[in-house]
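The primary structure of each chain is shown beneath.
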Amino acid sequence: MRLKLTSAAIPGWFGVALSLLLLAGGHAYAQASDLKLEVQLIWGTNDKQSPDPKHKPVAPEVLNKLKELPLKWASYFEVKRISFTVPKGGMTSVALSEKCKLDVRSLGKSKIEVTHFGKGQEVWKGTQALPKGETLVLGGNAPNATSWLVVLKRVE
Amino acid sequence: MMDYDRQLKLQAYLDGELSEAEAREMGNWLARDREAVALHTELRNTRQALTGFEVGIELPESREFFWSKIEREIERQAPPEPARHSWLAGWRRLLVPAGAIAALALAALVVTKSGSEGTPLEASLADPGAFTYRDDSARTTLVWLSYPAENELADSEPSSKVP
Amino acid sequence: MTEKDHSSADDRALVRAAQQGDMRAFEELVARHRDKIYARAYSMMRNEEEAIDLSQEAWVKGWQRLKQFQGESSFSTWLTRIVINLCLDQLRKHKRQRTESIEAMNEETGGVERQMPVVTVNPTAGLERAELRRRIDQALGQLSYEHRTVLILHEFEEMEYKTIAKTMSCSIGTVMSRLFYARRKLAALLADLKRGTGDERAASGGE
């Protein structure tokens, strides 16, 4: 039977198509599981030491990763590290500092949506697949020619 | 003859690398030691000879040619455009009655496939000043944001270094 | 920003525009500073082709890293540092590839410059600028890359000893020794060149 599409028929077809969409999306969600992630807030600087004694130099594997990127700083210090879980289909909010927060939403099949908040305002939002071995780095300039970096990766 | 360490200290004095006390001591010594004066003069002459050495050295390629190579390389190394735009544009184009189902079916397909590994970053709230760098071999995506804004950086307290 | 605006804009405005993706603004920056960047690369590499390639690479990296530039120095200083680091990387590769001559090893371990007699006559006095540059160019070419680099970083880039040490991954003591050797060697070479010219003139009957 050939389907005849008219403007009157559209709402009906949309409903069918929407159902297909939801089914497909539901299928994708069904394949997801909880995501175990780790996020680090890092300070990039050309100083040899951080003025805050609680900051420690980043681990060698993180340093190597940052050195592969077109970043100019000589030293990187871990300000905070948080391991967290994002339930399948859900969202987890992670406060990295007073001013920096990430909302990470699971979209299914390793795909996440990351919303970065700075001083309570949405600064950036993006989606990316983050399987094990994949790293997402957000960064920006900080006072006195330094930088802030947020490094996000899967840990399971 | 001056010992080597003294000679290096004389050089440091010329270069303004000594502390005030050491510079004063060196100045006093220079006032009474002819060998030191001679060496100091030689070092100073050499420094003066080098002044402005690079002025007038010109890149031996035309402006246009040199720029064209840079532009080409920048484009070659630029990260790929996010797939979202072409997907969205395609979705909108198909928003006509005959194509509505095909578009939504396509959307369904994308949803099921988009969990696959290595898909590019898609920014839905984009920072117009941001840029994205992707290193496939390192499996790392860097998004460099313009946050905080320049004026916020200037106004920040020196102690509040990390946002 | 129009093309006319670009040519009349200052570097800061061009950088801001380029950071927003304005390639024409960046092109104007290239046009303004390409000679300076090339000159630095040439001083370090002593090879025209390599200097062109490395300065081109520096500009590409400058574009990629532009958003990280926060105005902590002038734009040309910032880009010069990029080309210096590229040159240093390239020079280190060269060093690994070539066999060290005994003379070069002696230079490294030092000692020679400690006994060099002081050059009392200013070897640059009375020279035309172009002739002086030619002689300095010749003399620089006879230094090892380590000595030449320290000299360039100190004299042209105006870096302090500790910054040079960090850039070259060596101690401040090594920086001081190399700088001292480079300066004394340069003075001796310039004096030799001056004496050479004097001898030629004497032989030809003088002026």
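First, a word on scope: everything that follows refers to the structure included in this document. Small disclaimer: the values here were computed from a predicted structure and weren't measured.

## Points about the overall build of chain B
Scanning chain B for helices and strands turns up seven helices and three strands. Starting at the N terminus and ending at the C terminus, chain B contains elements arranged as α-α-α-α-α-α-β-β-β-α. The buried share among the 163 residues of chain B stands at 22%. Long-range pairs, those at least 24 residues apart, make up 37% of the contacts in chain B between residues at least 6 apart in sequence.

## A few points about the nonpolar core
Counting residues in hydrophobic clusters, the biggest one holds 65 residues, and the most contacted among them are C:Ala18, C:Tyr38, C:Ala41, C:Leu54, C:Ala58, C:Val83 and C:Cys87. Counting residues per element, this core draws most heavily on helix α11 (residues 172–203) of chain C, at 12 residues. If we skip the residues at most four places from it in the chain, C:Leu54 touches C:Ala41, C:Met45, C:Val83, C:Leu86, C:Cys87 and C:Gln90. Counting 39 residues, the second largest nonpolar core, distinct from the first, contains A:Leu107, A:Val150, B:Phe131 and B:Leu145.

## Notes on unusual backbone geometry
Residue and element names in this part refer to chain A. Of note in this structure, Lys109 is not a glycine but carries a positive phi near 50°. Along the polypeptide, Lys109 turns up in the loop between β5 (100–108) and β6 (111–118). Residue classification places Lys109 among the buried positions, given that 23 C-beta atoms sit within 10 Å. In this structure, Ala145 takes a positive phi of about 60° despite not being glycine.

## Observations regarding the sheet that holds strand β3 (residues 75–86) of chain A
The strand order across the open sheet formed by seven strands is β2(A)-β3(A)-β1(A)-β9(A)-β8(A)-β3(B)-β2(B), and the pairing between neighbours is mixed. In this open sheet, the two strands that pair with only one neighbour each are β2 (56–57) of chain A together with β2 (131–135) of chain B. Here β2(A) runs beside β3(A); their pairing, made up of two bridges, is antiparallel. Across the sheet, the residue bridging to A:Lys56 is A:Glu78, located in β3(A).

About the cut-offs
- Residues numbered from 1 in each chain as written.
- Chains lettered and ligands numbered in written order.
- Predicted model: local features only at pLDDT ≥ 70, side-chain atom pairs only at ≥ 80, totals over all residues.
- Helix = DSSP H or I, 4+ residues; strand = E, 2+ residues; numbered from the N terminus.
- Buried ≥ 20, exposed ≤ 12 C-beta atoms within 10 Å, placed from the backbone.
- Contact = placed C-beta atoms within 7 Å.
- Core = buried A, V, L, I, M, F, W, Y, C linked by C-beta atoms within 7 Å.
- Pairing = 2+ DSSP bridges.

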